[in-house]
Every structure is written in structure tokens, then in C-alpha cells.
Amino acid sequence: MGVASSYNWVKGRSDVVAGLTVAAISFPQAIAYALIAGVDPKFGVYSAIVVTAVASIFGSSSHLINGPTSAISLLVFTALAFIDSENSKELFEALFLLGVLVGAIQIVIAVFKLGNLTRYISESVIIGFMAAAAFLLAVGQIGNALGVKDKGNGHMHVLHRVWLSLTHGDRINYRAVILSVTAVVLAVVLRKIVQRFGWPQVDMLAVLVITAVIAYLAGWSTPGANGRTAVSLAGKVPRSLPTAHIPEVHTSWLPHLSVGALAIAFVGIIEALSIAKAIAHQTQQKIDYNRQILAEGLANLSGGFFQSLPGSGSLSRSAINFQSGAATRFSGIVSAATVAVALLAFAPLLRYVPQPALAGLLLITAVRLVDGKRLLYTLKASRYDAGLVIVTAITGVAIDLDKAVVLGVILSVVLFVPRAAKLRATELIVTPERVVRERIPGDLTDSHTVIYDLEGELFFGAAPELDRHLNDLRDRIAADHNEFVILRLKRVRHPDVVCIERIEHFLRDLTERGVVVLLAGVRPDTLAVLGNVGLHRWFPEEQVFPEEDKQFSATLKAVRYVHVRRAAANPKPELQEAEQRDEDLYYLV
């Protein structure tokens, strides 16, 4: 009720203007991205209707526009490569089934709240993937830009097919070269003009209209006496809206499609969330990432049942949506509706769009797909990042893109675990000035008390590190005959049974030796796990100091507790005085 009542004419007008602006670029992009995927252009347009609308209805971001994207389309092309491109019926059925699988995977990720797992996928993997995708996209359009018919088949590597097309194919068509070069020049010039004057970003649409008019006036898009045109055309798109369709399921397809679906699902989520985060950083909108992932899944699942190309968040269309002043997700619905109207009104005119012009636009898209500065920055950052970029990119080019994504994800996790397993232990001391700080070389130690601060992830991967630190502490206690141990757990996170069991064994061992152990700064999650394993049944509650609002108050309370115990056990004047001055204790970082 609150949202509906806050929606007004001003917001509505902003959404309509933004939606119309986005639709102007969505239509030509949808056709181009369908060609990248190697499928009928109409499926790209259907995606710009169905996927865009469903994601806008269920999404969380007010500005994210979903639909076909170049990266996803390249993954689709790779995923469908096992099917003969001449067998259009099977190719299309596999496309729709792929969309359903992608949507199902993304919905599962959302339902089980696994969206946070995407943060363990290094950005270097995505940068490497985008570099490989841009290279393959550019190489794959060389034949169309030169007017040379593709040779080979879908089972061949794209580089092999391009080589065959250039060396054993038709002669270069100068008309196609003129149109593709014109498209590239127009795309660059018009984009600069649009940005210079702040006009609506209809440059891609303008390129297609201008090149189509040039081809028509030159007679290149009109069939000659032999019934053929001088240049290839993009193809016909029927004047009809997407209809419901249940994809055929062939079990033999599933092993091939499942890998591609997994790669598309992950890349799609990462694309969408990255764009949503970037825009939300400027608008201060709070994004529900799990809801956005669910929207991605519902959009692709619906698209699979309505003959659509799988999609994700589009950087270009989302940026245009935001810059055009969109106020709510309604702008995405306006964009989808506008594309639907344009499809019904202008579909027959699409047969005049020359394919070389689309190839020129896609060459520009390939260049814009890679952030050169970001790529160089990442390669220079560290061997870890450079390695991920290079391995992912080489795998994408040499093998295929979906396996590159899966390999990159695996490498991210494999390389992340050893880093996360680093558990740091620092000894703290109480100085004569009543300051609790990290011990440095030359500091005298307290023969009665030792304070250890642990920092890191307390999961099974860190167990060897934890064992090493606890064994060192045992040896230190045995050598110095310490009576008290303060184990600071303020900076340990996500404890699991493996590490908690080791800590419990450590506590039992020292308690049996007569050493008093205090747990300081215990976080709620650690405290809950300790409670679950029954620590409270044998370990004194007064020796546990939970995390408090003030960062170091629990540690200082533990130190005071030690001083009280020592003063009670030994009535020496200096200990009594130390107890009285304990209120002056503070922690120095």
C-alpha cells in the first residue's frame, strides 16, 4: 500500500521516458545477441520482452534491466555447439531447454540462499572470461563483416571455422566490407555525439537504420534476377508475440546442456548483481540480492517456456535506464512493452537490415566488452589475479567459454581456501602503564598470565593452523608454568565442529593441569556452537566473557578477573594495589 501510494505522475513519467529510451537500444541489441548465440533473431527479441518484463516485476533493483547480453549469448552458442546448426528444430528446442535449466539453477540458488557464494568467485575470473568472450565475439564476426559464408560446423572450434571460412570460403564481398566499415565508423561517431549533447542513446538503432537505407538505395538488399541479394540480410522476424511452448527433453542433451547452464547461471548472477551494486552505490538503494537472484531465475525459467534466449542484467541498458531518470522497476516493464509493440509494428522492416552492418556493431560491442584499464590493473596487481585472468581467458579461447567459467570458479574456491585457512595468533601483554597491547621484541612477559589473540576463519581448513598455535601455547605454558591463560576469540569467525572440538580439547587439557583458562570476546556464533556441544556443563560460566559493544571491554574484564583471582589467592600489597588500579586498564591497538 505504501509503495503504491508513493508512486505518482512524476515517477510514472520518468519511468516511461526511461523505458522508451531503453527499448530503442534493446531492439537492435536483441537481434544482434541472437545472432551471436547462433539462433533465430526473433528469440532475442522475445527475450527482450519476456525476460526483461519478468525480471523487472520480481527484481529488487529499481534500475537493473535484464534481457539478452553478449556474454550470455556467447555462452549459449558454446552450450549449443554439440547440435548441428543446420538442424534448426533441435537447436531451438535445446535453446529453450537450456533457458529452463538456467532458471531452475538460479531459483535453487535463491531458495537455499546461496547467493553469497558468488562472492567467493574472484573478479579476475570474470575479467578473464570477458576478455575471452570479446576475442571470440570479434573473431566470430570477421566472416560476416567480409561477406564470407561460414565454413565448417558447430562441432569445430570457432577459430578453426574462421580459418576455413577465410582460406577455403568465398571471395571477400566488397559491398559487405563497405557496410561493416560504415557501421563501425557510424557507431563510434554517433556514440560520441550522443554523449557530447546528452541525447537519448539511440545510436545503435540509428546505425542499423542508416546502413539499411544505404543498402536499399544501392540495391544490395533487393533480390536480383537469381533471387539472391548482394549482401546477406539479418533475416525475417515474424510479426507475432512469444507464445507458450514446452521444450522437448532429450536425455542425451542433458550432459552437454547442464555444464553450459551452470556457467550461464553463475555468470548471469554475477553480471546482474555487479551492475545492481554499482548503480545502487550511486542511488543508495538497498538491494535484496537473494530476491534479485530469484528474479533472474524466474525470468530465465519463464523465457524458456516462451521461446526466449536466456538473459541477465545488461550493463549498457541498465546504465541508460539509470541515466534516463528511471524511478522504479516499472521502466523495465515499459521497455518490454515497447519492444513488443515495435515487433508488431516494424517486424517486416527488419528484413532490410544488412548482416554486415550487424557484424560491424558486434565488433564495436566486442571492443566495449573489455575494460582495458581494469584488465591491465588486474594483471599487474598480483600473480594470483594475473594467473586467474590468464588461465580463464586461455581456457575460454582454446576450449570453450562455459568450461572456462566452471574452471575459473573452481580455481577461485581452491585458491581461496588456503588463504581463508590462515589463522593468526598474537601474544598480548599488560604493560607497567596498565596498557594491554601486542607484545613486541624486548617486552617482559608475565610469568603468571599469558594472553593470546586468535584471528581468522574457524573452519575445517584452518584446523592445522589452529593445532599449531594451540600446541605452541601449550609448550609455552608448560615452560613458564603460567597459572592463567586468556584466549581472545573476538576476531575468529564462522566456527565449525572441527575447530570447536580442538578448542574444547585444549580447554579440558589445561583445566586438568590446573591452569585457569578465560575465553574473552566470544562472538554470538562461537558462543552458540560452544553451547550446542555442552561446554557450559563442565566449563565455569564466569570464565567466559562474551563480545560486548566496546571493542576491547571483554578482554579487559578478563584481565581484571585474573588480577582479582591472584589478589584473593595472594594477599601481597602490590597485588592488592594492582587490583585497585584495574579500572585504569585500556587497550592499545
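Rules of the game
Residues numbered from 1 in each chain as written. Predicted model: local features only at pLDDT ≥ 70, side-chain atom pairs only at ≥ 80, totals over all residues. Heavy atoms only, no water. Helix = DSSP H or I, 4+ residues; strand = E, 2+ residues; numbered from the N terminus. Rg over C-alpha atoms; globule rule 2.2 N^0.38 Å. Buried < 20%, exposed > 50% of the residue type's maximum accessible area, 1.4 Å probe, protein only. Contact = heavy atoms within 4.5 Å. Areas by Shrake-Rupley, 256 points an atom, 1.4 Å probe, with all protein chains shown as cover. UniProt positions renumbered as here; feature names shortened; annotations may be inferred. Expected span 1.5 Å × (residues − 1). Arc of directions from axis to C-beta. Phe/Tyr/Trp six-rings, centres within 6.5 Å; stacked < 30°, edge-to-face > 60°. Lys NZ or Arg CZ within 6 Å of the ring centre and 35° of its normal. Axes fitted to C-alpha atoms, helices over the stretch in contact; angles between N-to-C directions. Parallel < 35°, antiparallel > 145°, perpendicular 65-115°, else oblique. Nonpolar A, V, L, I, M, F, W, Y, C, P; charged D, E, K, R; others polar. Salt bridge = Lys/Arg side-chain N within 4 Å of Asp/Glu carboxyl O. Core = buried A, V, L, I, M, F, W, Y, C linked by side-chain atoms within 4.5 Å. Polar contact = N/O pair within 3.5 Å; in protein donor to acceptor, adjacent residues only side chain to side chain. Left-handed = near helix turned anticlockwise from the far one by under 90°.

Participant: Would you take a moment to explain the overall build of the chain for this structure?
Facilitator: Across its full length, the chain holds 23 helices and 9 strands. For 589 residues, the compact-globule estimate of 2.2 N^0.38 gives 25 Å, and the chain exceeds it by more than 25% at 31 Å. In terms of overall dimensions, the chain has C-alpha extents of about 115 × 55 × 45 Å along its principal axes. The proportion of buried residues among the 589 residues of the chain is 51%. Contacts in the chain between residues far apart in sequence, at least 24 positions, make up 81% of those at least 6 positions apart. For the chain, the accessible area works out to roughly 27700 Å², and carbon and sulfur atoms hold 61% of it.

Participant: What exactly am I supposed to notice about the UniProt feature "transmembrane region" (unreviewed entry) in the chain here?
Facilitator: Summarizing the sequence annotation, UniProt attributes the feature "transmembrane region" (unreviewed entry) to residues 16-36, 43-65, 94-112, 124-143, 172-190, 202-220, 257-276 and 326-346 in the numbering used throughout. For the annotated span residues 202-220, helix accounts for 79% and strand for 0% of the residues, and the straight-line distance between the end C-alpha atoms is 25 Å. Note that residues 326-346 is 81% helix and 0% strand, and that its end C-alpha atoms are spaced 26 Å apart.

Participant: Would you mind showing me how to read helix H15 (residues 355-369) here?
Facilitator: One turn of the α-helix equals 3.6 residues, which is why residues spaced by three or four share an orientation. With 15 residues, H15 should cover 21 Å at 1.5 Å per step; its first-to-last C-alpha distance of 20 Å lies within 8% of that length. Burial runs high along H15: 12 of the 15 residues are buried. For H15, the secondary structure elements touched by its buried residues are helix H2 (9-37), helix H4 (70-79), helix H6 (123-140), helix H7 (142-146), helix H9 (174-197) and helix H10 (203-217).

Participant: What's the story with helix H18 (residues 401-420) in this structure? I'm lost.
Facilitator: When the terminal C-alpha atoms of H18 are compared, their 28 Å separation across 20 residues agrees well with the 28 Å that a helix rising 1.5 Å per residue should span. Buried within H18 are the following residues: Leu401, Asp402, Ala404, Val405, Gly408, Val409, Ser412 and Ala420. For H18, the arc enclosing every buried residue in end-on projection is 155°, short of the 170-degree limit, so these residues lie on one face. Residues of H18 that are buried in the fold lie against H4, H6, helix H11 (254-283), helix H17 (383-398) and strand S5 (449-457).

Participant: Explanation requested: unusual backbone geometry in the structure shown.
Facilitator: In terms of backbone geometry, most residues other than glycine have negative phi values and most peptide bonds are trans. Even without being glycine, Lys113 reaches a positive phi, approximately 55°. Lys113 gets classed as exposed once you look at its relative accessible area, which sits at 62%.

Participant: Before we go on, may I ask you to explain the packing of aromatic side chains in this structure?
Facilitator: Where two aromatic rings form a pair, the distance of their centres and the angle of their planes describe that pair. Following the criterion strictly, the structure yields 7 aromatic pairs and no others. Consider the rings of Phe459 and Phe460, whose centres lie 5.2 Å apart with planes at 75°: the pair is edge-to-face. Overall, Phe459 belongs to the buried group, its relative accessible area being 16%. According to the relative accessible area criterion, Phe460 is exposed, its value standing at 56%. Residues Trp538 and Phe539 carry aromatic rings whose centres are separated by 5.6 Å and whose planes lie at 80° to one another, so their mutual orientation is edge-to-face. With relative accessibility at 4%, the residue Phe539 sits in the buried group. Here a set of aromatic residues connected by ring pairs shows up, and it is made of Phe43, Tyr46, Phe92 and Phe96. Across from the ring centre of Phe197, 5.3 Å away, lies the NZ or CZ of Arg196, which sits over that ring. Geometry around Trp538 places Arg508 over its ring, the cationic atom sitting 4.2 Å from the centre.

Participant: How do you make sense of the packing of helix H16 (residues 372-381) against H17 when you look at a structure like this?
Facilitator: Packed helices, taken two at a time, are described by the angle between their axes plus the distance between the axes. With their axes 5 Å apart at the nearest point, H16 and H17 run at an angle of 125° to one another. The angle between H16 and H17 falls in the class oblique. Facing Leu375, Thr378, Leu379 and Ala381 of H16, the residues of H17 in contact are Asp385, Ala386, Val389 and Ile390. Each residue belonging to the contact of H16 with H17 can be placed in one class, and the counts come to 6 nonpolar, 1 polar and 1 charged.

Participant: How should I be thinking about the pattern of salt bridges in this particular structure?
Facilitator: Any two side chains of opposite charge can pair, so long as their charged atoms come close to each other. Within the structure shown, the criterion is met by 21 salt bridges. Arg476 is the salt-bridge partner of Glu427, the closest N and O atoms lying 2.8 Å from each other. Of this pair, Glu427 sits in strand S3 (residues 424-430) while Arg476 sits in helix H19 (residues 463-480); the two residues are 49 residues apart in sequence, bridging distant segments of the chain. Residue Glu427 shares its accessibility class with Arg476, and that shared class is buried. A salt bridge links Lys490 to Glu547; its shortest N-O distance comes to 3.0 Å. With Lys490 in strand S6 (residues 484-493) and Glu547 in the loop between strand S8 (544-546) and helix H22 (553-569), this residue pair connects regions lying 57 residues apart in the sequence. The buried category is assigned to Lys490, whose relative accessible area is 12%.

Participant: When you look at the nonpolar core in this model, what are you seeing that I'm missing?
Facilitator: What tends to happen in soluble globular proteins is that the nonpolar side chains get buried as a cluster. If you look at the biggest cluster of nonpolar residues, it comprises 86 residues, and the most contacted ones within it are Val39, Val76, Leu80, Leu98 and Phe129. The greatest single-element share of this core, amounting to 11 residues, is contributed by H2.

Participant: It is not clear to me how the environment of Leu262 should be interpreted in this structure. Could you clarify?
Facilitator: Among the secondary structure elements, Leu262 is positioned in helix H11. Judged by its relative accessible area of 34%, Leu262 falls in the partly exposed class.

Participant: What is the right way to read the side chain of Thr21 from this model?
Facilitator: Mapped onto the secondary structure, Thr21 falls in helix H2. Within the local environment of Thr21, its side chain forms a polar contact with the backbone oxygen of Val17, the two atoms lying 2.8 Å apart.

Participant: I'm lost on the environment of Val430 in this one. Help?
Facilitator: Its location among the elements puts Val430 in strand S3. Its relative accessible area of 29% is what places Val430 among the partly exposed residues. Sequence separation between Val430 and Gly387 is 43 residues; the distance between their C-alpha atoms is 45 Å.

Participant: Would you mind showing me how to read the packing of H9 against H10 here?
Facilitator: Between H9 and H10, the shortest axis-to-axis distance is 9 Å and the interhelical angle comes to 145°. H10 is crossed by H9, and the crossing has right-handed handedness. Contacts between H9 and H10 involve Leu179, Thr182, Ala183, Leu186, Ala187, Leu190, Arg191 and Val194 on the former and, on the latter, Asp203, Ala206, Val207, Ile210, Thr211, Ile214 and Ala215. When its residues are assigned to classes, the contact of H9 with H10 shows 11 nonpolar, 2 polar and 2 charged.

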